[in-house]
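As a plain string of letters, each chain reads:
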Amino acid sequence: MTTGIELLSPAGTASIGRAAVDAGADAVYIGAERFGARTAAGNPMDDIAALAEYAHGFGARVYITMNTLLFERELDDARKTAWAAWEAGADALIVQDMAFTQMELPPIALHASTQTFNLTPERASFLAAAGFSRIVLERGASLEQIRAVRAAVPQQVELEAFVHGAICVCYSGQCYLGHALCGRGGNRGGCAQPCRSQYDLYDGRGRLLMRNKHLLSVRDLNLSDRLEELADAGICSFKIEGRLKEEGYVVNNTAYYHRRLTELGLPRTSVGESVCDFEPNPSKSFSRGFTTYFQDGKRAGVLAPEARSVGEQIGSAVACDGTTLKLKLNPGIRLNNGDGLCFISPSGRLEGASVNRAEGNRAILNKTADIRPGAELFRNLDRSFRPAAVRRIRAAVDFTPENVRATDETGLSAVVALPRDYEPAGNRALAERNIRQSFRKSGGTIFEITEVTVPDETAGGTLPFIPAAELNALRRELLAELLRIRLANYNRPTAYVRPDALPALPVGLAHDFRANAANSLAERFYRQAGFDLVEKALETQESPELEGREVMRTPYCIRRETGTCLREHPELRREQLFLENNGVRLELRFYCAECEMGVVYRGRTR
């Protein structure tokens, strides 16, 4: 079990993963070339191996996302990928498909992806009994639900929760809307993001209630002020979403959460000091506006004003004449050439423009913009904001005429013996200065030398004369040996162990396509648990009948968001609501006892 808090960052590439470690991540999650829920974020194993070696030097971990459903023909390739990931140094596989529990795997840990819909104590307890060492919780889980899950699973089973980034409005692993609309679903890594589209809202009599609104798109998660509560509730891994995000997004948000955890004094799972040359600020990275979502229970106010990034609020408009914008900037804000601005137009739409030339409180835009006096201005691209960080492990060097030793902040030491054929230094003061200067350097290593100890004359220390080039070679050899020792002392998490028998599956689990059984190994898993599947995963069906099927279940509710909650307005219970987009009709169903909303596919109207 992890001791301490883990800050877990996304890595679309190995270089972004390395940057995340430098910014303070205790672990990163990254996709292999196949089988990840972000098909556009795959990586060669050689790159993953290099990332793992770098991360392990700091005691940080690397998790491989293999969280898509597997087709029968893919089982052997998935098994081979798992072995390759282990050989590359990966610490765990994040999986959705229960086929992995039936494979002959390497000695690697298995984490139950959020795609396995981990919301209830019963579900979490079952997955823990199935051998998963970590459970990634549903984004919509409240603190109360998290505490209930923690109480239901053994202490050695870790809980991971998202704390920042995009939110899937549907319960994870249970969204089939994209597959129904265009054959691109999240369970196969190709989510088409239909929840970010605009919809028209109709009632059952065909009356248009709302037009072209992002009615299924929620704000981005930001729980940076709730970290202590999450830790107290039993979360050991705080996860930032964003394997499709650029390096600046990852570094900025990682550095921000690293700083928050440091300020709170929470113990961490990796070592080394991270120093950034910028002021971390989540509002400077992509977001649709922030929310704590349902951390304190279900409530209104989580709908995103736009599916696009809004950015940081920088001031307000004074006047706009064509392409010339006069504005009142907030304290500390300075515009740059090339900045991106956005604002709400008089028609109520979010629009944007770029700054061709910044002149204090005056900006020349790249196009004519209709910005009224007093309109709030946001910056979603700051050209001067270039997040970067470095991370080093402190080490002290002890030089004697016989050998030189380096001891890092964790107590690990490396020793290199000095050759015996050096002549005594004629000028001891000069020799001591050269030794200190040489061993103070750490070059491109992960170490920072904080102290160099040399015996003084009273201790009987006659220093040898060593040319500068040879001193530098000794230092490189010493720090390379210290890194080798650090890597040799690194311990990967406990490997997955298949239980002798599975407990019965929790009551309420779907017997149909929502069980996400896409292959014979997953079916075998369910049979061993005494579960009788009546339908294979939707993605495996050649021509599934979708009419009348629920393709999304969500804790988010349009009625709650629009002030027409049926608990408060029982007179509306017989009123039906429908969403339409590009000729597709979706029926909305409201399950007030569970405080959930269902989306039912009703086919095409044209």
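Relevant structure appears above.
Residues numbered from 1 in each chain as written. Predicted model: local features only at pLDDT ≥ 70, side-chain atom pairs only at ≥ 80, totals over all residues. Heavy atoms only, no water.

For this particular structure, what's the right way to read empty space enclosed by the protein?
In this approach a probe as big as a water molecule rolls over the atoms, and the regions it shows empty are the leftover space. According to the stated counting rule, one finds three cavities of 30 Å³ or more in the structure shown. If you list the elements that add at least two residues to the lining of the largest cavity, you get α12 (558-561) and β26 (584-591). Class assignment of the residues belonging to the lining of the largest cavity gives a composition of seven nonpolar, no polar and four charged. Taken as a whole, the second largest cavity holds about 80 Å³ of empty space. If you go around the second largest cavity, the residues you meet are Leu137, Glu138, Arg139, Ala141, Ile146, Ala161, Phe162, Leu221, Leu223 and Gln295. Its residues assigned to classes, the lining of the second largest cavity shows seven nonpolar, one polar and two charged. (1 Å grid on protein atoms, 1.4 Å probe; cavity = no way out; pocket = protein on both sides within 12 Å on 5 of 7 lines; lining within 4 Å. Points joined across faces, edges and corners; volume = space filled by probe spheres on them. Helix = DSSP H or I, 4+ residues; strand = E, 2+ residues; numbered from the N terminus. Nonpolar A, V, L, I, M, F, W, Y, C, P; charged D, E, K, R; others polar.)

Hey, could you run me through the environment of Arg527 in this one?
As for its placement among the helices and strands, Arg527 is situated in helix α11 (residues 520-528). The exposed category is assigned to Arg527, whose relative accessible area is 53%. With 25 residues separating them in the primary sequence, Arg527 and Leu502 have C-alpha atoms 9.7 Å apart. (Buried < 20%, exposed > 50% of the residue type's maximum accessible area, 1.4 Å probe, protein only.)

Honestly, the state of the cysteines in this entry has me stumped. Any pointers?
Working definition: the covalent bond between the sulfur atoms of two cysteines is a disulfide. This model, assessed by the stated rule, comprises zero disulfides. Residue Cys195 stays outside any disulfide, its sulfur separated by 6.0 Å from that of Cys191, the closest cysteine. By relative accessible area, which is 13% here, Cys195 ends up buried. (Disulfide = S-S within 2.5 Å.)

What is the right way to read the packing of helix α4 (residues 121-129) against helix α5 (residues 143-152) from this model?
Two numbers describe a pair of packed helices, the interaxial angle and the distance between the axes. Look at α4 against α5: their axes get within 8 Å of each other, and the N-to-C directions meet at 35 degrees. At the point where α4 passes α5, the crossing takes the right-handed sense. When α4 is examined against α5, the residues Pro121, Ala124 and Ser125 are found in contact with a partner set consisting of Ala148, Val149 and Ala152. In terms of residue class, the contact of α4 with α5 is built from five nonpolar, one polar and no charged. (Axes fitted to C-alpha atoms, helices over the stretch in contact; angles between N-to-C directions. Left-handed = near helix turned anticlockwise from the far one by under 90°. Contact = heavy atoms within 4.5 Å.)

What's the story with the nonpolar core in this structure? I'm lost.
Among soluble globular proteins, nonpolar side chains are generally buried collectively. The biggest cluster of nonpolar side chains holds 154 residues, and the ones touching the most others in it are Ile64, Ile135, Phe439 and Tyr556. Counting 17 residues, the second largest nonpolar core, distinct from the first, contains Leu325, Ile333, Ala353 and Leu377. (Core = buried A, V, L, I, M, F, W, Y, C linked by side-chain atoms within 4.5 Å.)

Explain the pattern of salt bridges here, please?
Once their charged atoms are close, side chains differing in charge can pair, the charge on each being opposite to the other. Counted under the stated rule, the structure contains 44 salt bridges. A salt bridge links Asp225 to Arg260, with the nearest nitrogen and oxygen atoms 3.8 Å apart. Within this pair, whereas Asp225 is found in the loop between β10 (220-222) and α7 (227-233), its partner Arg260 is found in helix α8 (residues 247-264), the two being separated by 35 residues in sequence. For Arg260, a relative accessible area of 17% puts it in the buried group. Note that Arg589 is salt-bridged to Glu587, the shortest N-O span being 3.4 Å. Residue Arg589 is classed as partly exposed on the basis of its relative accessible area, which comes to 31%. Put simply, Glu6, Arg134, Glu158, Glu160 and Lys239 are held in one network by salt bridges that share partners. (Salt bridge = Lys/Arg side-chain N within 4 Å of Asp/Glu carboxyl O.)

I would appreciate a short explanation of unusual backbone geometry in the present structure.
Glycine aside, residues mostly have negative phi, and peptide bonds are mostly found in the trans state. A positive phi angle is found at Gln193, which is not glycine, with a value near 55 degrees. Looking at where Gln193 falls in the secondary structure, it is placed in the loop between α6 (177-182) and β8 (199-203). Taking the relative accessible area as the measure of exposure, Gln193 reaches 43% and is therefore partly exposed. Here the phi dihedral of Asn516 falls at roughly 60 degrees; this positive angle occurs in a residue that is not glycine. Topologically, Asn516 is positioned in the loop between α10 (468-488) and α11. Its relative accessible area of 8% is what places Asn516 among the buried residues.

Hey, could you run me through the packing of aromatic side chains in this one?
What characterises a pair of aromatic rings is the spacing of the ring centres plus the angle enclosed by the ring planes. Across all of its chains, the model carries eleven aromatic pairs by this definition. Geometrically, the ring pair formed by Phe525 and Tyr526 is edge-to-face, given 5.4 Å between the ring centres and 80 degrees between the ring planes. Here the aromatic residues Phe126, Phe525, Tyr526 and Phe531 are joined through ring pairs into a cluster of three or more. The residue whose ring lies beneath Arg188 is Phe71, and the NZ or CZ to ring-centre distance is 3.8 Å. (Phe/Tyr/Trp six-rings, centres within 6.5 Å; stacked < 30°, edge-to-face > 60°. Lys NZ or Arg CZ within 6 Å of the ring centre and 35° of its normal.)

It is not clear to me how the side chain of Arg226 should be interpreted in this structure. Could you clarify?
Residue placement: Arg226 occurs in the loop between β10 and α7. Residue class for Arg226 comes out buried when judged on its relative accessible area of 13%. Side-chain polar atoms of Arg226 contact the side chain of Glu229, separated by 2.5 Å. In contact with Arg226, other than residues within four places in its own chain, are Leu143, Thr292, Gln295 and Asp296. (Polar contact = N/O pair within 3.5 Å; in protein donor to acceptor, adjacent residues only side chain to side chain.)

Remember, this is a structural readout, not a statement about activity or role.
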